[in-house]
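Listed below are the residues making up each chain.
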Amino acid sequence: MTEVIEVIIKIAAVIGAVGVIGGVIFGIYRWIIKQNEQDDEIKELRDEQTLICYGVLAALKGLKEQGCNGPVTEAINKFEKHLNVQAHKWHG
């Protein structure tokens, strides 16, 4: 009878260990999936921000064509420099 109990305890220990290992593997898998989703969201946000920057730059250039100068010209130069640096930083 003692041998049967020892076998049952060993089987339970193996099942518990397999469960723990499976849980860790599943947790790592879920973490990787979450990271990939976050990477996709970040890329979408970056693309959206780029479009917004181009829109603001277009509006500033329109103001400059209307005769606004000074801070408008300075802002245009800063925007163009920023966009150029970001283009080389993320795409090159």
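Attention in this report is confined to the structure presented alongside it.

## Some points on the overall build of the protein
So, point 1. From N to C terminus, the protein includes two helices and zero strands.
So, point 2. The C-alpha radius of gyration of the protein comes to 29 Å, more than 25% above the 12 Å expected for a compact globule of 92 residues.
So, point 3. Reported as C-alpha extents along the three principal axes, the dimensions of the protein are approximately 100 × 20 × 15 Å.
So, point 4. For the protein, the accessible surface area stands at approximately 7900 Å², while carbon and sulfur atoms represent 65% of it.

## Details of a nonpolar patch on the surface
So, point 1. A cluster of nonpolar side chains, contributed by Val20, Val24, Ile28, Trp31 and Ile32, occupies part of the molecular surface with about 510 Å² of accessible area.
So, point 2. Counting through the fold element by element, Ile32 comes out in helix α1 (residues 2-65).

## A closer look at the nonpolar core
So, point 1. Among the nonpolar cores identified, the biggest contains six residues, and these are Cys53, Leu57, Leu60, Val72, Ile76 and Leu83.
So, point 2. Broken down by secondary-structure element, the contributors of at least two residues to this core are α1 and α2 (71-91).
So, point 3. Beyond its immediate stretch of four places on either side in the chain, Cys53 contacts Phe79 and Leu83.

## Comments concerning the pattern of salt bridges
So, point 1. Inspection of the entire model under this criterion finds three salt bridges.
So, point 2. Notably, a salt bridge pairs Asp47 with Lys43, separated by 3.1 Å at the nearest N-O pair. Pair noted here: Asp47 and Lys43 are both in helix α1, with a separation of four residues, about one helical turn.
So, point 3. When the shortest N-O distance is used, the salt bridge between Lys61 and Glu80 registers 3.1 Å. Placement of Lys61 in helix α1 and of Glu80 in helix α2 is noted, with a sequence separation of 19 residues between them.
So, point 4. Overall, the relative accessible area of 34% leaves Glu80 in the partly exposed class.

How each quantity is defined
- Residues numbered from 1 in each chain as written.
- Predicted model: local features only at pLDDT ≥ 70, side-chain atom pairs only at ≥ 80, totals over all residues.
- Heavy atoms only, no water.
- Helix = DSSP H or I, 4+ residues; strand = E, 2+ residues; numbered from the N terminus.
- Rg over C-alpha atoms; globule rule 2.2 N^0.38 Å.
- Areas by Shrake-Rupley, 256 points an atom, 1.4 Å probe, with all protein chains shown as cover.
- Patch = residues over 30% accessible without salt bridge, like charges linked within 9 Å, V, L, I, M, F, W, Y side chains within 5 Å.
- Salt bridge = Lys/Arg side-chain N within 4 Å of Asp/Glu carboxyl O.
- Core = buried A, V, L, I, M, F, W, Y, C linked by side-chain atoms within 4.5 Å.
- Buried < 20%, exposed > 50% of the residue type's maximum accessible area, 1.4 Å probe, protein only.
- Contact = heavy atoms within 4.5 Å.

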